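Breakdown of the fold
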Amino acid sequence: MANPVVSDPTRPQEGIQWSWCLHARCRVVDPHLFFASDGEHKGPRIRREREAKRICGHCPVITECRS
Ligand code: SF4
């Protein structure tokens, strides 16, 4: 019996367009801006999220990202 085909999770799924990601503003900023660190306090979290939202607010592919 032949082995079943196992999809590779590191490869984009067929039929899904990812090219918009090339225009994402978050590609050129520190990724930590978009993710809380362990034990992050409220003040730093609010400032980090505010900056992340500012970047997203100027992103040309925000509609694609949201969908
Ligand atoms: S809207 Fe989405 S793609 Fe654009 S910067 Fe924000 S997280 Fe990245």
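The coordinates are above.
Below you will find a few notes about this structure. (Residues numbered from 1 in each chain as written. Predicted model: local features only at pLDDT ≥ 70, side-chain atom pairs only at ≥ 80, totals over all residues. Heavy atoms only, no water.)

Taken as a whole and judged by the stated rule, the model has four salt bridges. Of the charged contacts in the structure, one is a salt bridge between Glu49 and Arg45, with a shortest N-O distance of 3.3 Å. Of the two residues, Glu49 and Arg45 are both situated in helix 1 (residues 42-57); the distance of four residues between them amounts to about one turn of the helix. Classification of Arg45 by relative accessible area gives partly exposed; the value is 30%. One salt bridge connects Glu51 with Arg54, and the closest N-O pair in it is separated by 2.6 Å. Highlighted residues: Glu51 and Arg54, both in helix 1, separated by three residues, approximately one helical turn. Looking at Arg54, the relative accessible area reads 43%, which means it is partly exposed. (Salt bridge = Lys/Arg side-chain N within 4 Å of Asp/Glu carboxyl O. Helix = DSSP H or I, 4+ residues; strand = E, 2+ residues; numbered from the N terminus. Buried < 20%, exposed > 50% of the residue type's maximum accessible area, 1.4 Å probe, protein only.)

Turning our attention to the layout of surface pockets. Sizing a probe to match a water molecule and rolling it over the atoms shows the empty space that remains. The space that makes up the largest pocket amounts to roughly 220 Å³. Along its surface, the largest pocket is lined by 14 residues, and Ala24, Cys26, Cys56, Cys59 and Cys65 are the ones closest to its centre. Looking at the lining of the largest pocket, the elements that each hand over two or more residues are helix 1 and helix 2 (62-66). Element by element, the count of residues in the lining of the largest pocket is highest for helix 2, at three residues. Of the residues belonging to the lining of the largest pocket, the class tally is 11 nonpolar, no polar and three charged. (1 Å grid on protein atoms, 1.4 Å probe; cavity = no way out; pocket = protein on both sides within 12 Å on 5 of 7 lines; lining within 4 Å. Points joined across faces, edges and corners; volume = space filled by probe spheres on them. Nonpolar A, V, L, I, M, F, W, Y, C, P; charged D, E, K, R; others polar.)

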